[in-house]
Amino acid sequence: MKPFVDFYRHNGISPVSQDISDRQRHSDRREALYRHLGLVPAWLVGRRVIEFGPGSGYNALYTLSLGPAKLVLVDGNPFGLKAARTLLGPEEGAARVEYIEEMVEEFERQERYDLVLCEGTIPFQLDPPAFLRRVAGHAGAGGVVVTTCVDGVSMLAETLRRLLATLLTSPEQTVAEKLAVLMPVFSPHLATLKGMSRPHEDWILDQLVQPLVGRLLSIDDAIAALDSGFDVHGASPHFFTDWRWYKDIHGSQRAYNDAARGAYYRNLHNLLDYRFVGDPRPVDENRRLLALGDEIFYLVQRYANEGRDQRILDAVQSRLSDLVRICRAAVPRTAEAFDDFQRVLRAYRATGRLATFEAFSACFGRGQQYLSFIHRA
Ligand SMILES: C[S@@+](CC[C@H](N)C(=O)[O-])C[C@H]1O[C@@H](n2cnc3c(N)ncnc32)[C@H](O)[C@@H]1O
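These notes cover the structure that comes with them. (Residues numbered from 1 in each chain as written. Predicted model: local features only at pLDDT ≥ 70, side-chain atom pairs only at ≥ 80, totals over all residues. Heavy atoms only, no water.)

1. Quick notes on the site of the ligand
Right, on to step 1. The environment of the ligand is made up of 22 residues, and the closest members are Gly53, Asp75, Val104, Glu105 and Glu119.
Right, on to step 2. Asp75 places a polar side-chain atom, nitrogen or oxygen, 2.6 Å from an oxygen atom of the ligand.
Right, on to step 3. Within the side chain of Gln125, a nitrogen or oxygen atom sits 3.0 Å from a nitrogen atom of the ligand.
Right, on to step 4. The residue inventory of the shell around the ligand, partitioned by class, reads 9 nonpolar, 8 polar and 5 charged. (Near = heavy atom within 4 Å. Polar contact = N/O pair within 3.5 Å; in protein donor to acceptor, adjacent residues only side chain to side chain. Nonpolar A, V, L, I, M, F, W, Y, C, P; charged D, E, K, R; others polar.)

2. Some remarks on the nonpolar core
Right, on to step 1. With 98 residues, the main nonpolar core has Phe52, Ile204, Phe338, Phe360, Leu371 and Phe373 as its most contacted residues.
Right, on to step 2. With 10 residues, the single largest contributor to this core is helix 12 (residues 310-330).
Right, on to step 3. Excluding residues that lie within four positions of it along the chain, Leu371 makes contacts with Leu37, Val145, Val146, Thr147, Cys149, Ile219, Ala222, Ile223, Val232, Gly234, Ala235 and Phe239. (Core = buried A, V, L, I, M, F, W, Y, C linked by side-chain atoms within 4.5 Å. Buried < 20%, exposed > 50% of the residue type's maximum accessible area, 1.4 Å probe, protein only. Helix = DSSP H or I, 4+ residues; strand = E, 2+ residues; numbered from the N terminus. Contact = heavy atoms within 4.5 Å.)

3. Here's the deal with the side chain of Arg161
Right, on to step 1. Within the secondary structure, Arg161 sits in helix 6 (residues 156-168).
Right, on to step 2. We classify Arg161 as buried; its relative accessible area is 1%.
Right, on to step 3. Among the polar contacts made by the side chain of Arg161, one reaches the main-chain carbonyl oxygen of Cys363 at a distance of 2.9 Å.
Right, on to step 4. Non-local contacts of Arg161, meaning those with residues more than four positions away in its chain, are made with Phe186, His189, Trp203, Leu208, Phe360, Ser361, Cys363 and Phe364.

4. Description of the packing of helix 2 (residues 23-36) against helix 3 (residues 58-65)
Right, on to step 1. For the pair helix 2 and helix 3, the least separation of the axes is 10 Å and the interaxial angle reads 80°. What the angle tells us is that helix 2 and helix 3 run roughly perpendicular. On helix 3, the residues that touch Arg23, His26, Ser27, Arg30, Glu31 and Tyr34 of helix 2 are Tyr58, Asn59, Leu61, Tyr62 and Thr63.
Right, on to step 2. Tallied by class, residues from the contact of helix 2 with helix 3 come to 4 nonpolar, 4 polar and 3 charged. (Axes fitted to C-alpha atoms, helices over the stretch in contact; angles between N-to-C directions. Parallel < 35°, antiparallel > 145°, perpendicular 65-115°, else oblique.)

Here you go:
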């Protein structure tokens, strides 16, 4: 099974639209992301840009507005590319956009690019580090590569919603039938997110209904995948600072990737719940958090994909209790939210009835994080 593409093609959808009724707000958001990634908008003027997995082209809209010399969009889903053509067609510079319907794994070109973008596409591939290396290989020397990362900690709240969505629906139901069951349960949760720019239906289809067959890609995994040829440049959220005197940064002392990795592990607990930011914590404790979060993700994946074995649910509940013990000190209100989830899950397993969520409703992880890399010349 091809992650994303099979589900989208089979259902004739590209569930990645965004609310752009306020174009200025959309541009401000994209600019904020680019700034976090160390991409100065004016730098894009006259650049060669390629985006892998652009979906319906909402993000490309902003990139195009910055005046690149060319913008190549490569996606395996014809429904996404068709929507992108419709969206970008009337824009200034539309003639500089090239649309290529092809799988990333098969796309070959001699040309190298100044900026390579790949958002929301690499985590959950079957082999995300290999996929990332392939995408990054299209960057020229000194070029920038942007990827997203997702780990079991940043994904935990969504993993738990996914588990519940699996319990509430059956594999025989159509996508529309599943949506009808899940919208009333999860739409109130999404309504608590003030920055939400996607239709709730799209989010539920993409995050909860779409089967996830592939693997996570943490920030550490992404850095390790590109370590031999790329340096981390920026991140969103902007979680690392570098207090070294710039004159000490040269030759073997450059170590940009080590600095970013250290900051990731010290701040990992801050990915659990987007509402809170706490002080850095001991790396060992955060590594334990990551191990438990990842384990829960893969247990839920097995439960959904390989038959609904009650022992897997027992294991999820046990790992979640261990994880909550760690996060009670680090992020107490998030621990309360996970207690609330456990209450609802236990009641559902005992009675088959869904209780009303309380503290968990507003708990969302930081989902995907972005990293930018510079290709060492
Ligand atoms: C979750 S969507 C993300 C869309 C957009 N980048 C965003 O962030 O909103 C993933 C996109 O990548 C495309 N995609 C996933 N795997 C692919 C592959 N192996 N080759 C080509 N396109 C792929 C899908 O068709 C889809 O348009």
